[in-house]
Amino acid sequence: MKNIVRIPVKFSELDPMFRVWHGNYVKYFEDGREAFGKEFPGCDYGIMMQTGITAPIYDLKIKYLAPLSMNDVAVIHTTYVPKHGARLDYKYEIYRESDGMLCCTGSTTQLFIDPQGNQLLEEPDFYLEWKKKNSL
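What counts as what
- Residues numbered from 1 in each chain as written.
- Predicted model: local features only at pLDDT ≥ 70, side-chain atom pairs only at ≥ 80, totals over all residues.
- Heavy atoms only, no water.
- Helix = DSSP H or I, 4+ residues; strand = E, 2+ residues; numbered from the N terminus.
- Rg over C-alpha atoms; globule rule 2.2 N^0.38 Å.
- Buried < 20%, exposed > 50% of the residue type's maximum accessible area, 1.4 Å probe, protein only.
- Areas by Shrake-Rupley, 256 points an atom, 1.4 Å probe, with all protein chains shown as cover.
- Lys, Arg positive; Asp, Glu negative; His and termini not counted.
- Charge placed at Lys NZ, Arg CZ, Asp CG, Glu CD.
- Pairing = 2+ DSSP bridges.
- Axes fitted to C-alpha atoms, helices over the stretch in contact; angles between N-to-C directions.
- Contact = heavy atoms within 4.5 Å.

Undergrad: Please explain the overall build of the chain as it appears in this structure.
TA: Helices and strands together make up the secondary structure of the chain, namely three helices and five strands. Scanning the chain from its N terminus toward the C terminus, one meets helices and strands in the order β-α-α-β-β-β-β-α. A globule of 136 residues ought to have a C-alpha radius of gyration of about 14 Å, and the chain, at 16 Å, matches this closely. With respect to the three principal axes, the spread of C-alpha positions in the chain is 45 × 30 × 25 Å. Taking all 136 residues of the chain together, the buried fraction comes to 44%. Roughly 7,800 Å² of accessible area belongs to the chain as shown, and the carbon and sulfur atoms make up 57% of that amount. Distance from the positive charge centre (16 side chains) to the negative charge centre (18 side chains) of the chain: 5 Å.

Set out below in structure tokens:
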């Protein structure tokens, strides 16, 4: 399962070299996850908030390949990676729209946490239903 979203680069995201500051690529990953949840609802942040379950980032990997600058559009490809356990795994590719250059790759792992702050060992019901609905 994959989602693609376009995000225009904003002036506020630039560093002193007029390139997108490296930390903002993590924000682009978040933008990709939010867009993914809207396209494939049922395991999105809204559902998690209703159940009291959260899914903080446990692991983040990122590789920078080419810069994004002012007036560029970041094309964010977010792909769900099925894994066993109470976790969400995604991989990302961020392209520069003007020339198709791959600018950044990465991945994240999120772990499900219950309302008391404990890590879930079993997949929550909404996640099981979402996986079943999407034949995962």
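Undergrad: Any chance you could explain the sheet that holds strand S1 (residues 2-8) here in plain terms?
TA: Two pairing modes exist for strands in a sheet, parallel and antiparallel, and in both the strands are linked by backbone hydrogen bonds. Here five strands make up an open sheet; going across it, the order is S1-S3-S4-S5-S2 and the pairing antiparallel. What marks the edges here is a single partner per strand, and that holds for S1 and strand S2 (57-64). When the angles between neighbouring strand axes are averaged without regard to direction, this sheet yields 15°. Packing against the sheet, helix H1 (residues 24-39) makes contact with S1, S2, strand S3 (73-80), strand S4 (87-96) and strand S5 (102-111), and its axis sits at approximately 130° to S1.

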